[in-house]
Amino acid sequence: MKKTAVLLIMTCFLAAFAGCGSGNKMENGYYTAEMSDFSHGWKEYVCIYVKNDRIISAEFNAKDPSGFIKAWDNEYMRNMEAGTGIYPNKYTRGYVEQLIEGQKDTEVDTLSGATHSGGNFARLIEAAIGQAQKGDSSAAVVPAESGVTNLTQTNTWEKVKTA
């Protein structure tokens, strides 16, 4: 009888603490990561909303020094679309859609004309997820790469994984 009682108590104790130390579980809340520097007049950022260890929504965009949002800049959109066939509202939504579908997977398919932003998005998401796993709601700052990324631009989507 004593053995059964001890075994029952130990089983309950182990079951109560089985989830502890998982380390990968994201805490509920909003988490932000932003690049450390402006690039071509814009600083990219991502904000995710986590509930029950799932990314429910996300925003990926860039802002200028005054806080103006890149996706709102119609002139920029027209010029970029004319030159590359893509524009911020299109690629930011595409990257966010991939994140929501893949959840904690920071690998994204980048689109020609937005490969640099695709690489930054993956790095920003990795940082924001790290903040969510720690339950740290302060904004993470991701160091900007010096120069242009080594991503190749193609007319098709390509897999990019940040280190």
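Caption draft 1: Layout of the side chain of Lys70. Structurally, the position occupied by Lys70 is in the loop between β3 (54-63) and α2 (74-84). Nearest to the buried, unbridged Lys70 among oppositely charged side chains is Glu44, at 4.8 Å.

Caption draft 2: Representation of the environment of Asn89 in the model. Following the sequence through the fold, Asn89 ends up in helix α3 (residues 88-102). The spacing of Asn89 and Met77 is 12 residues in sequence and 8.1 Å in space, taken between C-alpha atoms.

Caption draft 3: A look at the nonpolar core. Core analysis: the largest hydrophobic core is formed by 24 residues, its most contacted members being Ala33, Val46, Ile48, Phe60 and Phe121. It is helix α4 (residues 115-134) that contributes the most residues to this core, 7 residues altogether. Setting aside chain neighbours within four positions, we find Ala33 in contact with Tyr45, Val46, Leu124, Ala127, Ala128, Ala140 and Val142.

Caption draft 4: Examining unusual backbone geometry more closely. A positive phi angle, near 55°, is found at His40, a position not held by glycine. Given a relative accessible area of 77%, His40 falls into the exposed group. Within the chain, Asp53 stands out as a residue other than glycine whose phi angle is a positive 65°. Its place among the elements puts Asp53 in the loop between β2 (43-51) and β3. The class for Asp53 is partly exposed, based on a relative accessible area of 24%.

Caption draft 5: Fine view of α3. The end-to-end C-alpha separation of α3 is 21 Å, in line with the 21 Å expected for 15 residues at 1.5 Å each. Looking at α3, one finds that the buried residues are Pro88, Tyr91, Thr92, Gly94, Tyr95, Val96, Gln98 and Leu99.

Caption draft 6: Spotlight on the sheet that holds strand β1 (residues 29-35). With mixed pairing, the 4 strands of this open sheet are ordered in space as β3-β2-β1-β5. Strands at the two margins of the open sheet, each flanked by one partner only, are β3 and β5 (140-142). Between one strand axis and the next, the sheet turns through 20° on average, direction left out of account. Taken together, the 6 bridges between β1 and β2 define a ladder with antiparallel strand orientation. Note that in β2 the partner of Thr32 across the bridge is Cys47. Here α3 sits on the sheet and contacts β2 and β3; the angle it forms with β3, its principal contact strand, is near 155°.

Caption draft 7: Spotlight on the pattern of salt bridges. Within this structure, the stated rule accounts for 1 salt bridge. Close ionic contact of Lys63 with Glu34 constitutes a salt bridge, the shortest N to O distance being 3.5 Å. Linking Lys63 in strand β3 with Glu34 in strand β1, this pair joins segments that are 29 residues apart in sequence. On the basis of relative accessible area, Glu34 is assigned to the buried category, the value being 19%.

Caption draft 8: Representation of the side chain of Glu44 within the structure. For Glu44, the position within the fold is in strand β2. Of note is the side chain of Glu44, whose polar atom sits 2.6 Å from the side chain of Asn120. For Glu44, the contacting residues outside a window of four places in its chain are Glu34, Met35, Phe60, Asn61, Ala62, Tyr91, Ser117, Asn120 and Leu124.

Caption draft 9: Examining the confidence of the model for the chain more closely. Averaged over all residues, the pLDDT of the chain equals 74, while 66% of them reach at least 70. The secondary-structure element of the chain with the lowest mean pLDDT is strand β6 (residues 158-160), recorded at 37, while β1 shows the highest, at 96. Under a pLDDT of 50 for its full length, residues 3-21 has, in the predicted model, 0 contacts with residues more than four places off or in other chains. Scored below 50 in pLDDT, residues 147-163 makes 39 contacts in the model with residues more than four places away or belonging to other chains.

About the criteria used
- Residues numbered from 1 in each chain as written.
- Predicted model: local features only at pLDDT ≥ 70, side-chain atom pairs only at ≥ 80, totals over all residues.
- Heavy atoms only, no water.
- Helix = DSSP H or I, 4+ residues; strand = E, 2+ residues; numbered from the N terminus.
- Buried < 20%, exposed > 50% of the residue type's maximum accessible area, 1.4 Å probe, protein only.
- Lys, Arg positive; Asp, Glu negative; His and termini not counted.
- Salt bridge = Lys/Arg side-chain N within 4 Å of Asp/Glu carboxyl O.
- Core = buried A, V, L, I, M, F, W, Y, C linked by side-chain atoms within 4.5 Å.
- Contact = heavy atoms within 4.5 Å.
- Expected span 1.5 Å × (residues − 1).
- Pairing = 2+ DSSP bridges.
- Axes fitted to C-alpha atoms, helices over the stretch in contact; angles between N-to-C directions.
- Polar contact = N/O pair within 3.5 Å; in protein donor to acceptor, adjacent residues only side chain to side chain.
- pLDDT = per-residue confidence, 0-100.

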